[in-house]
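For reference, the chains in residue letters:
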Amino acid sequence: MAEVAFWQGNKAIAMGAIAGGCTFFSGYPITPSSEIAETLAEELPKIGGRFIQMEDEIGGIAAAIGASIAGRKAMTATSGPGFSLKQENLGLAYMAEIPLVVVDIMRGGPSTGLPTRVSQQDVMQARWGTHGDHATIAYAPSSVQECFELTIAAFNASERFRQPVIILGDEVVGHMREKIVIPDAGSYQVVNRKRPTADPEDFVPYKPDPSDDVPPMASFGDGYRWHVTGLTHDEWGFPTDEPSEIETKIKRLVQKVNRFRKDIVRYEVFYGEDAKVLIVSYGSVARSSLRAVREARQKGLKVGHFRPITLWPFPDEELKELASQVDVVIVPELNCGQMLLEVERAVNGKAPVVGKSLVNGELFQPSDILSAIEEVA
Amino acid sequence: MPSKEVLDWLRVDFFPHIWCPGCGHGIIMHALLRALASLGCEKERTVIASGIGCSSRMPGYIDACTVHTTHGRSLVFATGIKLANPELTVVNVMGDGDCAAIGGNHFIHACRRNIDITAVVLNNSIYGMTGGQVSPTTPIGAYATTAPYGAIDPPFDLCNLAAAAGATYVARATVAQPQLVEQYIKKGIQNKGFSVVEVMTHCHTQFGRRNKLPRPIDNINRFKQVSVTKTKADAMKPEELEGKIVIGELMDRKRPEYVEQYLRLIERARGQVA
């Protein structure tokens, strides 16, 4: 029987990680993400897993990558400044194709910013924070239930596509407590990375499976020996200067995700059928938006809500289709307009797009969004 | 010519290596491979991790489970690997910049944890790959591209640092004593805890050229001249030790090892022991 609990979002992420098969966490405490580390320090040893508090954020992600290379499903969690510190090694994990889940519970920035206040200012850092080209998968939970479920999804995607996957929670989602229905183990899918079947002597560690562009992954210690490097490498994993090999590698990093965009993209639409005003929001903002949309509906205004659940890949095709029937799109965000640009790109002129930004460390009140609706309706 | 046992540990397809002719790094790689072969280590259960720089290209030439990480971070990758799978033998090779500059914090914390990893520090007192800039072990007065008037920053003594931070086995040799290098790496691997083997090596291309040691042999001869065994050094006055390299086993002690402690913690958490 599914169990009902009253959990904090950060705890739900930690427990979702375990449900997704995580047996290794390494990190460095930072507000507002620390409860994830605290929960896993307590829970992981109970299942024979490993928790280690590292000396810094860089050590936090590096040890997790090491653990993943040694065969464990690994996670690290942080917030804004810590996420910045992790970017170089995040890049190594993209390049070396190491599965990993990185949680960023967003706080206000830039710099130390607002450690205890909510923001959505890391949306572009998640996409483009590390240097170089790669595809990003990032989930933005909006409830404690989703913190649990999307962390499982993040592990599944990281294992399937052999790359880091990001959970972009905001401080409100990470710290709020609400009801969660904990699904029974076995009632949800858990994906494990493809293992090589070749004889160790014939193993080509970065030879992609043509069916999905993802190479099977051996673990250190399981009988295969191979080389892992952040240098651009050939199919054998060794550094290359050969233009065709370089291009093949980098394009595959992007292609392996883009090819399965439809499997990855998640979004949710409320009152979309006859909407003339469309609100696009995610994370905690989506909750205020939905309340505002319901109030507007009660007033007879035809308003709908579109919530991207994967911020990356952005559900642009799905949004474009819906936007083509509306008169105006409003994007309330806890930043100065980061996702607004993506929404404009997706909508592609089918409707005017209006941004509504809030960067004072507070939540959007439903009334703020309702007034924005009434201004345009 | 390496023995058959050592050759078997090399990815000879990737030769010639990138090191300059006469570089000391090859001597250290050979000593490491002799140590691994003589200990009967299995290639599939041996991990060689490295950071960035000339020294850190070494894992590419070794036919084992090898990982070339980001600059200064190899010890934390190695920590994750060891904690994830304690059955693996983990050796970490790094340069002086990797170890003492960008990775200095990771180095002292690995010593503090006493995690069962053997760190081999290839100390050539310079940033070789990036073109001869000053490092945290460049001697005072030595010239580097970023110390055109001579270095004024006091260098680290990596062995003292490691011993003070908690490493349980600490030894130093130079590339002029390859048998000692092999012996210390072997003992480091056998030590259940964090071991540091500092090997003084040379970069005649970047350091030597600017500091009157332009040929490999000039450097080897210098190492022979300035090496002093620990036993001798203990009886010498500080002024007599000026400019000398103290070689030998500088620390060998027992302390609880990190992974073992963690496995006990798991038992406690699972209620298997009171």
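Residues numbered from 1 in each chain as written. Chains lettered and ligands numbered in written order. Predicted model: local features only at pLDDT ≥ 70, side-chain atom pairs only at ≥ 80, totals over all residues. Heavy atoms only, no water.

## Some words on the interface of chain B and chain A
Part 1: Counting from both sides, the interface comprises 40 residues of chain B and, opposite them, 39 residues of chain A.
Part 2: In total, about 3,200 Å² of surface goes out of reach between chain B and chain A, with carbon and sulfur atoms giving 61% of it.
Part 3: Area buried by chain B at its contact with chain A is led by B:Glu44, B:His68 and B:Phe77, which between them contribute 17% of it.
Part 4: The interface formed by chain B and chain A contains three salt bridges.
Part 5: Of the charged contacts, one joins B:Asp63 and A:Arg225 as a salt bridge, the two residues approaching to 2.8 Å between their closest N and O atoms.
Part 6: Viewed at the interface, chain A and chain B are joined by 15 residue pairs in polar contact (both at pLDDT 80 or more).
Part 7: Elements represented by at least two residues in the side of chain B that touches chain A include exactly strand 2 (65-68), helix 3 (74-84), helix 5 (104-113) and helix 11 (258-269) of chain B.
Part 8: A total of seven residues in the side of chain B that touches chain A trace back to one element, the largest contributor, which is helix 3 of chain B. (Contact = heavy atoms within 4.5 Å. Buried area = accessible area lost by both parts, 1.4 Å probe. Salt bridge = Lys/Arg side-chain N within 4 Å of Asp/Glu carboxyl O. Polar contact = N/O pair within 3.5 Å; in protein donor to acceptor, adjacent residues only side chain to side chain. Helix = DSSP H or I, 4+ residues; strand = E, 2+ residues; numbered from the N terminus.)

## Some points on unusual backbone geometry
Part 1: Following A:Gly109, the chain continues to A:Pro110 via a peptide bond in cis, the omega torsion being 0°.
Part 2: The topology assignment puts A:Pro110 in the loop between strand 5 (100-108) and strand 6 (114-118).
Part 3: Cis geometry is found at the peptide bond from A:Trp312 to A:Pro313, where omega equals -10°.
Part 4: By the secondary structure assignment, A:Pro313 is in the loop between strand 14 (310-312) and helix 11 (316-323).
Part 5: Even without being a glycine, A:Glu97 presents a positive backbone phi close to 55°.
Part 6: Within the secondary structure, A:Glu97 sits in the loop between helix 4 (80-96) and strand 5.
Part 7: Here B:Ser125, not a glycine, exhibits a phi torsion of approximately 60°, which is positive.
Part 8: Judged by relative accessible area, B:Ser125 falls into the buried class, the value being 10%. (Buried < 20%, exposed > 50% of the residue type's maximum accessible area, 1.4 Å probe, protein only.)

## Regarding the pattern of salt bridges
Residue and element names in this part refer to chain B.
Part 1: Taken as a whole and judged by the stated rule, the model has 40 salt bridges over all chains.
Part 2: The salt bridge involving Asp218 is made with Arg215; its shortest N-O contact spans 2.9 Å.
Part 3: A salt bridge links Lys230 to Asp234; its shortest N-O distance comes to 3.1 Å. Here Asp234 and Lys230 lie together in helix 9 (residues 230-234), a separation of four residues that amounts to about one turn.
Part 4: Residue class for Lys230 comes out partly exposed when judged on its relative accessible area of 28%.

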